[in-house]
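Chain and residue survey
Here is how the chains run, residue by residue.
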Amino acid sequence: MANSRRTPSPASADTARTALIISGGAPNATLVAGALVAFHELGLKFDVISTAGAGALLGLMYCAPKNGDPVSTLAGLKEMGVADPLYEAFPVNFKVFNKPGTLADLYRRALGLNPFIQKMMDWPAQTPLAQLVKDSSALMLASACPSDLNPESLGLCAHVPFAETIIDFAAVPQITPDFCVNAFNLRTRQMENFRKDKLGPPHLQAALSFPFLYPPTELDGGLYIEGAALDCLNFHELLSRHPQLEEVVVFDILGADRLLRAPKSLYDAWVMSILTPLIEIARDDLKIFEATHLGKYPQLQRPHRVPLIDDIPEAELPDVFDWSRSNLERLFDLGFESAARYARSRLAHLAS
């Protein structure tokens, strides 16, 4: 194989041979986080990383972590989970979905300047009881936050507030793989890709602006929503920009009909109403990619779809979209094990 045992150099249109696709899908993002840690520890390298939605956040944490350590940064996503007893009583992730508005921003900024509160939020809760105490305190602070949400608002929540604390955006232009994230421009009605040479916090915000949850993002004259809402796998421009690609590895955490199920509650029904069309879009995107490109590019192999969702036990599927701490930890471990097992059997030649 052309790239066997090769450490990639910055890829151009005529040198890239391998690509990693990281799909959208925020609730089970720790599944991909664990898989990325497995790939990192096994030394697997890619010339191109193409992302959509939450996959953009994960990809940047992997390629440009603020602390220089992708393993601890990705493992830190488990902290997004809410202590199980608290989540059972109030099944909403107040850590991720924040109240919108100027007053809310000022409130969160003030909390960030309070050393006592910051010490509490940074406290490493090592036991379930400590996690419950910590998360209960965080819920009280989140509940006290003011908001200007009203019928004229364009989204329910404030944009993800923590990206700049875990991603080194200054380092992104220098990362080794060609990196891109998609977003849909409502003004031009075109899907666009933001590439690593011009990829900052506003671009990530645009890429995470899922309709209704978050307002569209104004950026350079465009008005953007999350690209994963229309293209979960971001195959857009992949082969036209990198026509020499031979292997495409896909971390797809949506394109499996095993995820379709009856809702458990009214809130869960709302979550499933968002995810159900995305599941079908992701399945179709992979089929369309294969039908369109496998014959057109003779060197291109059938994409490797790492079976992350397929390895989830049937009994655990009803909870796969839960934001509980135990579920996020379980998904992280499962993602690591599934990706490591698959990589050892199918992708060993990609190791540097």
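Residues numbered from 1 in each chain as written. Predicted model: local features only at pLDDT ≥ 70, side-chain atom pairs only at ≥ 80, totals over all residues. Heavy atoms only, no water.

If you look the protein chain up in an unreviewed UniProt entry, it shows as Patatin-like phospholipase family protein from Uliginosibacterium aquaticum.

**Topic: the layout of surface pockets**
For the second largest pocket, the calculated volume is near 640 Å³. In this structure, the second largest pocket is lined by 33 residues; those nearest its centre are A26, P27, F97, L213 and W323. Only α2 (54-63) and α11 (266-293) provide two or more residues apiece to the lining of the second largest pocket. Here the lining of the second largest pocket takes seven residues from α11, the largest share from any one element. Its residues placed into classes, the lining of the second largest pocket shows 26 nonpolar, three polar and four charged. (1 Å grid on protein atoms, 1.4 Å probe; cavity = no way out; pocket = protein on both sides within 12 Å on 5 of 7 lines; lining within 4 Å. Points joined across faces, edges and corners; volume = space filled by probe spheres on them. Helix = DSSP H or I, 4+ residues; strand = E, 2+ residues; numbered from the N terminus. Nonpolar A, V, L, I, M, F, W, Y, C, P; charged D, E, K, R; others polar.)

**A word on helix α12 (residues 325-346)**
Relative to the 32 Å expected for 22 residues at 1.5 Å per residue, α12 spans 31 Å between its end C-alpha atoms, a close match to the ideal helical length. All of the buried residues in α12 are R325, N327, L328, L331, F332, L334, G335, S338, A339, A340, Y342 and A343. Tucked into the core, α12 has its buried residues touching α1 (29-42), α3 (70-75), α4 (84-89), α7 (128-144) and β8 (304-305). (Expected span 1.5 Å × (residues − 1). Buried < 20%, exposed > 50% of the residue type's maximum accessible area, 1.4 Å probe, protein only. Contact = heavy atoms within 4.5 Å.)

**Here we look at the environment of S153**
Tracing the sequence through the fold places S153 in the loop between α7 and α8 (163-166). Exposure remark for S153: the relative accessible area of 27% places this residue in the partly exposed category.

**Points about the pattern of salt bridges**
Tallied over the full model, the rule gives 20 salt bridges. With its nearest N and O atoms 3.6 Å apart, the salt bridge here joins E246 to R17. Of this pair, E246 sits in the loop between α10 (238-241) and β7 (247-251) while R17 sits in the segment before β1 (18-22); the two residues are 229 residues apart in sequence, bridging distant segments of the chain. The two residues E246 and R17 agree in class, both being buried. Notably, a salt bridge pairs R187 with E218, separated by 2.7 Å at the nearest N-O pair. Placement of the pair is R187 in the loop between β3 (178-185) and β4 (190-195) and E218 in strand β5 (residues 217-219), with a sequence separation of 31 residues. Relative accessible area serves as the criterion here: at 46%, R187 is assigned to the partly exposed category. Among the residues examined, E218 registers a relative accessible area of 52% and is labelled exposed. Salt bridges sharing partners connect three or more residues here, namely D178, R195, E237 and R241. (Salt bridge = Lys/Arg side-chain N within 4 Å of Asp/Glu carboxyl O.)

**Topic: the side chain of D231**
The topology assignment puts D231 in the loop between β6 (222-226) and α10. Nearest to the buried, unbridged D231 among oppositely charged side chains is R195, at 11 Å. A polar side-chain atom of D231 sits 2.9 Å from the main-chain amide nitrogen of N234. Leave out the neighbours within four places in its chain, and D231 touches A52, N182, M191, H236 and D285. (Lys, Arg positive; Asp, Glu negative; His and termini not counted. Polar contact = N/O pair within 3.5 Å; in protein donor to acceptor, adjacent residues only side chain to side chain.)

**Re the packing of α1 against α12**
One can describe the packing of α1 onto α12 by two numbers: an axis separation of 6 Å at closest approach and a directional angle of 40°. Here α1 lies oblique to α12, going by the angle between them. In the crossing of α1 with α12, the sense of the turn from one axis to the other is right-handed. Together, T30, L31, A33, G34, A35, V37, A38, F39, E41 and L42 of α1 and L328, L331, F332, L334, G335, F336, A339, A340, A343 and R344 of α12 make up the contact between the two elements. Of the residues contributing to the contact of α1 with α12, the split by class is 15 nonpolar, three polar and two charged. (Axes fitted to C-alpha atoms, helices over the stretch in contact; angles between N-to-C directions. Parallel < 35°, antiparallel > 145°, perpendicular 65-115°, else oblique. Left-handed = near helix turned anticlockwise from the far one by under 90°.)

**Quick notes on α7**
Between its first and last C-alpha atoms α7 spans 24 Å; for 17 residues at 1.5 Å apiece the expected length is 24 Å, and the two agree. Listed in full, the buried residues belonging to α7 are A130, Q131, K134, D135, S137, A138 and L139. Close packing links the buried residues of α7 with α4, α6 (115-121) and α12.

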